[in-house]
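# Chains, contacts and geometry: an overview
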Amino acid sequence: MPVAGLVLAAGAGTRYGQPKAPVVLDGERMVDRAVRVLTEGGCDPVLVVLGAWVGHVDGADVVVNDAWPEGMGSSLRAGLQHLADTCPADAVLVTLVDLPGVTPLAVTRLVECPAALAVATYEGVRGHPVRLGRAHWAEAMAVAKGDEGARRLLGARDDVVLVEVGDVARGYDVDTPI
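Residues numbered from 1 in each chain as written. Predicted model: local features only at pLDDT ≥ 70, side-chain atom pairs only at ≥ 80, totals over all residues. Heavy atoms only, no water.

### Concerning the sheet that holds strand β8 (residues 125-133)
For the record, the criterion: By definition, two strands form a pair when at least two bridges between them are found by DSSP. Counting from the N terminus, the helices are the DSSP runs of H or I reaching at least four residues and the strands are the DSSP runs of E reaching at least two. Angles here are taken between N-to-C directions and fall from 0 to 180 degrees, while the axes themselves are lines fitted to C-alpha atoms, restricted in helices to the stretch in contact. Residues count as neighbours in contact if any of their non-hydrogen atoms are within 4.5 Å of one another.
Read across the open sheet, the seven strands follow the order β5-β4-β1-β6-β8-β7-β9; overall the sheet is mixed. Across the chains shown, the open sheet's two edge strands, defined by having one partner strand only, are β5 (61-64) and β9 (161-164). Adjacent strand axes in the sheet meet at a mean angle of 25° when their direction is disregarded. Pairing analysis gives six bridges linking strand β1 (residues 3-8) to strand β6 (residues 91-96), with the strands arranged parallel. Bridge pairing in β6 places Val7 opposite Thr95. Where helix α3 (residues 104-112) meets the sheet, its contacts fall on β1, β6, β7 (117-122), β8 and β9, and the angle it forms with β8 comes to roughly 45°.

Structure (structure tokens):
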């Protein structure tokens, strides 16, 4: 079964000084790069949740989260609900728009992981993308509050598989203009 991709890109980018989704980094908008990396890594379909900035995103379905000021949790809920209503995927890989070091190979490792719950790690440190099996979407939506997505769900379980990707990707985020 297909694994969907979900890019959380609704925030205002307060520390950055503007929404990050449309920011061009190395000749490509951050949102376009995130979609490309998920697609090249094997995710289909790819959904982007926008909010503070809204625009067209090639290669992805877009959901506008009007509740984006509530935090990332509202965007995760909006994205998972849309996928639950429209997509037959068995799992979704969730990533953030501001992670330019994530690569298609890192995504592929999580797409191919047979576990229902998996987290990319960078030299043992948990990061994104995270894999959520469909059976866990309702629970992830229930715990997603404020600026917290599925961290509480993934941190409370002992069946989460850690997938090391630090040899092929970097987990840093972009919080200030480069």
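Don't stop here, the text continues.
### So, helix α1 (residues 30-40)
What counts, and what does not: Burial here depends on accessible area, computed with a 1.4 Å probe over protein chains only, as a share of the maximum for the residue type. Under 20% is buried, over 50% is exposed, and the range in between is partly exposed.
Burial within α1 is extensive, with eight of its eleven residues counted as buried. For α1, every residue scored as buried is listed here: Met30, Val31, Asp32, Arg33, Ala34, Val35, Val37 and Leu38. Where the residues of α1 are buried, they touch β1, β2 (24-25), β3 (28-29), β4 (46-50), β6 and α3. In the stretch just after α1, Gly42 is the one whose phi turns positive, near 115°.

### Details of the side chain of Ser74
What counts, and what does not: Two N or O atoms count as a polar contact when they lie within 3.5 Å, although within protein this holds only if one can serve as hydrogen donor and the other as acceptor, and sequence-adjacent residues are included solely when both atoms are side-chain atoms.
Here Ser74 lies in helix α2 (residues 72-86). Exposure remark for Ser74: the relative accessible area of 4% places this residue in the buried category. Of note is the side chain of Ser74, whose polar atom sits 2.8 Å from the backbone oxygen of Gly71. Other than its neighbours up to four places away in sequence, Ser74 contacts Asn65, Ala67, Trp68 and Gly146.

### Examining α2
Structural remark: α-helix, 3.6 residues per turn; residues separated by three or four positions point the same way. Threshold: A helix is expected to span 1.5 Å for every residue after the first.
Taking 1.5 Å per residue, 15 residues should reach 21 Å; α2 reaches 21 Å between its end C-alpha atoms and fits that length. Those residues of α2 that sit buried are Gly73, Ser74, Ser75, Leu76, Gly79, Leu80 and Leu83. In the core, the buried residues of α2 are packed alongside β1, β4, β6, β8 and α4 (137-143).

### Concerning a nonpolar patch on the surface
Which entries qualify depends on this criterion: A residue counts toward a patch only above 30% relative accessible area and without a salt bridge, and it is joined to like-charged neighbours within 9 Å or, for Val, Leu, Ile, Met, Phe, Trp and Tyr, to nonpolar neighbours within 5 Å. Residue-level accessible areas treat just the shown protein chains as cover; the underlying method is Shrake-Rupley with a 1.4 Å probe. Salt bridge criterion: a side-chain nitrogen from Lys or Arg within 4 Å of a carboxyl oxygen from Asp or Glu.
On the surface, Val54, Val62 and Val64 cluster together to form a nonpolar patch covering roughly 210 Å² of accessible area. The residue Val62 is located in strand β5 in this model. A residue is classified by how much of its surface remains accessible, and Val62, at 34% relative accessible area, is partly exposed.

### What to know about the environment of Cys113
Tracing the sequence through the fold places Cys113 in the loop between α3 and β7. Note on Cys113: relative accessible area 9%, which makes it buried. Distance from Cys113 to Arg131, taken between C-alpha atoms, is 8.7 Å for residues 18 residues apart in sequence. The residues contacting Cys113, other than those within four sequence positions of it, are Ala118, Arg131, Val161 and Val163.

### Describing the pattern of salt bridges
Going through the model one piece at a time under the given rule, you end up with eleven salt bridges. Of the charged contacts, one joins Arg36 and Glu40 as a salt bridge, the two residues approaching to 3.4 Å between their closest N and O atoms. Of this pair, Arg36 and Glu40 both sit in helix α1, four residues apart, which is roughly one turn of the helix. Since its relative accessible area comes to 30%, Arg36 is described here as partly exposed. Glu40 sits in the partly exposed class, given a relative accessible area of 48%. For Asp167, the salt bridge goes to Arg109, with nearest N and O atoms at 2.7 Å. Within this pair, whereas Asp167 is found in the segment after β9, its partner Arg109 is found in helix α3, the two being separated by 58 residues in sequence. You can call Asp167 exposed: its relative accessible area is 55%. On the basis of relative accessibility, which here comes to 27%, the residue Arg109 falls in the partly exposed class.

Purely geometric numbers; function is a separate question.
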